[in-house]
Amino acid sequence: MQRYFNDLEDRQRIAIALAKGARMPARRIDLRQPATWEFSAFSQNGEDGVLEVLRGQLTHSNRSFIEIGASDGIDNNSAWLAIAEKYCGLMIEGDARKSARARRLLPGYSIAVECLSMFVTRASVPALRERALYADPDVCSLDIDGNDYHIAGALLDAGLRPKIFVVEYNSAFGPERRVTIAYDDAFDFSVAHPSQLYYGVSIAGWRAFFARHGYRFVSVERNGVNAFFADPACFAAGFLDAVQGLDYAENRFQSHKFRQPWTQQFQHIADMPLVEI
């Protein structure tokens, strides 16, 4: 009975998201200003809109995605691609219940999406690569609140080369510090530190990492959660050069929760081990 009500709720959520998405073309877009691209249908922080603009500027597309940290298949960065755009791809989620919920629901909307229950580690990335239909999906979204930096490296080392990367950053590390957490197969941010601020990667750390791999920084979104990077070989000459992205924004949820700027948030975790990037 509970499953029936969950499925009913999920279908209502999808209907609401699709109705919201119908308004996405009405926004006034300036290709130089990523803040004007933002729009949320399924995503939480404007990612749907940013990805829509970036995908529209690709010189070639295979209409595929990989999302690691896909939640229940609805509240994520790839649901718009899967449900509204009929992309193929992988939605990967470490929470077995959320993944099962996605597997019940998504085939009714897109037969080309595979929902995997997998806690992604460096050791499991090769198996993930084997499941991916393309080595160069249009979009890769990574949001696991922990080993994100290490998993991104493992994905690229395994031969994946997404055209667009959207990754979560930890604004509590500030705009200049190039750091991430130490790798731990069983990392869980909810128990790693009482504040739950010890996780992930700083924005400067991501920028250094992606620059080493030939990607260009595009922007962060205004809620201070996600950063976007693009492979310049997949875009028309001059497009990325003209983009005037936002370099850093504080996480609005964290600012509201702690009622403190990032400098004070960082003091909660200043004694925790960090890896310089």
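See the structure printed just above.
Reading guide: rules and limits
- Residues numbered from 1 in each chain as written.
- Predicted model: local features only at pLDDT ≥ 70, side-chain atom pairs only at ≥ 80, totals over all residues.
- Heavy atoms only, no water.
- Buried < 20%, exposed > 50% of the residue type's maximum accessible area, 1.4 Å probe, protein only.
- Helix = DSSP H or I, 4+ residues; strand = E, 2+ residues; numbered from the N terminus.
- Arc of directions from axis to C-beta.
- Contact = heavy atoms within 4.5 Å.
- Disulfide = S-S within 2.5 Å.
- Salt bridge = Lys/Arg side-chain N within 4 Å of Asp/Glu carboxyl O.
- Pairing = 2+ DSSP bridges.
- Right-handed = clockwise from strand over helix to strand, strands pointing away.
- Polar contact = N/O pair within 3.5 Å; in protein donor to acceptor, adjacent residues only side chain to side chain.

Asker: Would you mind showing me how to read helix α11 (residues 262–269) here?
Answerer: Because each turn of an α-helix spans 3.6 residues, side chains separated by three or four positions in sequence point in the same direction. Within α11, burial applies to Q265, F266 and I269. Burial along α11 is one-sided: seen end-on, the buried residues are contained in an arc of 100°. On the buried face of α11, the contacting elements are α10 (252–258) and β9 (274–276).

Asker: Help me understand the state of the cysteines, please; the structure alone is not making it clear to me.
Answerer: Two cysteines, two sulfur atoms, one covalent bond between them: this is a disulfide. Under the defined criterion, the tally for this structure stands at 0 disulfides. Among the cysteines around C140, which has no disulfide bond, C234 carries the closest sulfur, lying 13 Å off.

Asker: Please clarify how the pattern of salt bridges should be interpreted in this entry.
Answerer: Two side chains with opposite charge may pair up if their charged atoms get near one another. Here the structure, examined in full by the defined rule, presents 14 salt bridges. Among the salt bridges present, the one from D136 reaches K163, with a minimum N-O distance of 3.5 Å. Of the two residues, D136 is situated in the loop between α5 (125–131) and β4 (139–142) and K163 in the loop between α6 (148–157) and β5 (164–168); the sequence distance between them amounts to 27 residues. Taking the shortest distance from any N to any O, the salt bridge between D247 and R207 comes out at 3.2 Å. With D247 in the loop between α9 (239–242) and α10 and R207 in helix α8 (residues 203–212), this residue pair connects regions lying 40 residues apart in the sequence. When salt bridges that share partners are traced, they join E9, D10, R13, D72 and R101 into one network.

Asker: Even after reading the chapter, I still don't get the pairing of β4, so can you show me in this structure?
Answerer: Strand residues, when the strand is regular, have side chains that alternate between the two faces of the sheet. The alternating pattern of β4 places V139 and S141 on one face and C140 and L142 on the opposite face, and all of these are buried. When β4 meets β5, the two strands line up parallel, connected through 4 bridges. Residue pairing for β5: L142 is matched across the bridge by V167. Once the chain exits β4 it traverses α6 before rejoining the sheet at β5, and the crossover so formed is right-handed.

Asker: Whenever I open this one, the side chain of S64 confuses me. Can you help?
Answerer: Within the fold, S64 resides in strand β1 (residues 64–68). Relative accessible area serves as the criterion here: at 4%, S64 is assigned to the buried category. Among the polar contacts listed, one links the side chain of S64 to the side chain of N62, at a separation of 2.7 Å. With near-sequence residues (within four places) excluded, S64 lies in contact with Y87, C88, Y134, P137, D138 and V139.

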